[in-house]
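What follows is the residue order along each chain.
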Amino acid sequence: MSPTFRFQCHFILFFLTMLRADSQHLQLQEATTQDPFLLLSANLKRELLGEQVYRRALRCLDMLSLQGQFTFTADQPQLHCAAFLIAQPDETLAIQVDSVSMDCQRGDFLKVFDGWILKGEMFPSSQDHPLSTAERYIDICESGSSRRNIRSSQNVAMIFFRVQEPGNGFTLTIKMDPNLFPCNIISQTPSGRFTMIVAHQHRNCSFSIIYPVAIKIADVTLGQLSGPQWKTSSTDCAGTGDFVELLGGSGLDPSKMMSLADLCSPFHGPAQMKIGCDNTVVRMVSSGKHINRVTFEYRQLEPFELEDPNGNSIREFCLSSL
Ligand SMILES: *[C@@H]1O[C@H](CO)[C@@H](O)[C@H](O)[C@H]1NC(C)=O
């Protein structure tokens, strides 16, 4: 596993853990200062008034997984800053630019990217994103007041910024919106379960897990027709338009990852695999002719499982290279 990517993943994990602690602390603080009945009515009131906003300062290198208002103020010249935004799998992000106090003429910038980029690799890959790579960057400085509300296409987005003058900065409000047709997703957690459904859409969808995992594919349905009709068809995926592929690799871009397995109907599950790669992706290729569905469960591999790949009958990938 490349040490830089592992560091970046650990950094992300560290921030996710910290953010959870942050929000728990927040709730705890609220709960202890008010009795339950008061808390209830106060919350209700705030909700009705739409006032319940979580606020905090944004750091030069940050990770956001909560709705709220975030303010960055430079305490020194900050040249290379980035914030990773992540919502739940079935949500997209809405980024509202509240105020900007920056010198864009002299090299400051504030850009939103529709996805994540690490080490030059992007998620979703350029093939799987409806917009071109250039269109996925939105320059807040250039666009002026015309693009003050930005929506992500999936549950992740990024903000890149440079603020050279101490005291300058910006304020953003981040909201999560429900996504009825989630397609490309990065998992917020190292363990979980997900059902991906692509119904009559000619598009490819990837679910990315940025941890080494044991994954169990429980159920694959490709097409509306299930049962006997499928049993007579070929088990070779190459001929079929629709299939599920399992990818492993060391970067974020699914199109640069190694194919570990293809699954197409008829599928006799469950299939379980241990994937010691930095990143694991379940990708569904859809022709648009069918309703496709795949259900899977995953859990992070324990350190001892990464060190000792022997001793069980489960298929393993990426472990020998560690
Ligand atoms: C989906 O992926 C397949 C195989 O990787 C490719 O042939 C096809 O063109 C892709 N479809 C779309 C809509 O990008």
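Residues numbered from 1 in each chain as written. Predicted model: local features only at pLDDT ≥ 70, side-chain atom pairs only at ≥ 80, totals over all residues. Heavy atoms only, no water.

By the naming in an unreviewed UniProt entry, the protein goes by Corticotropin-releasing factor-binding protein and is assigned to Erinaceus europaeus. The heading Function (unreviewed entry) in the UniProt record of the protein holds the text "Binds CRF and inactivates it. May prevent inappropriate pituitary-adrenal stimulation in pregnancy." In its Sequence similarities (unreviewed entry) section, the UniProt record describing the protein reads: "Belongs to the CRF-binding protein family." (UniProt positions renumbered as here; feature names shortened; annotations may be inferred.)

Looking at the protein, pLDDT values average 82 and 72% of them are 70 or higher. Predicted confidence in the protein is weakest over helix α5 (residues 228-231), with a mean pLDDT of 37, and strongest over strand β13 (residues 185-186), with 98. Predicted confidence for residues 21-36 stays below pLDDT 50, and this span has 10 contacts to residues more than four positions away or in other chains. The model gives residues 226-235 a pLDDT under 50, and that stretch makes 14 contacts with residues more than four places away or in other chains. (pLDDT = per-residue confidence, 0-100. Helix = DSSP H or I, 4+ residues; strand = E, 2+ residues; numbered from the N terminus. Contact = heavy atoms within 4.5 Å.)

Omega for the bond connecting Phe123 with Pro124 falls within 30 degrees of zero, at -10°, which places this linkage in the cis form. A positive phi angle, close to 50°, is found at Lys119, a residue other than glycine. Here the phi dihedral of His200 falls at roughly 50°; this positive angle occurs in a residue that is not glycine. Tracing the backbone through its elements, the reader meets His200 in the loop between β14 (192-199) and β15 (204-209).

A word on the pattern of salt bridges. If charged atoms from side chains of opposite charge come close, those side chains can pair. With the rule as written, the count across this model stands at nine salt bridges. A salt bridge links Asp62 to Arg59; the nearest nitrogen and oxygen atoms lie 3.4 Å apart. The buried category is assigned to Asp62, whose relative accessible area is 0%. Here the salt bridges do not stand alone but share partners, grouping Arg56, Arg59 and Asp62 into one network. (Salt bridge = Lys/Arg side-chain N within 4 Å of Asp/Glu carboxyl O. Buried < 20%, exposed > 50% of the residue type's maximum accessible area, 1.4 Å probe, protein only.)

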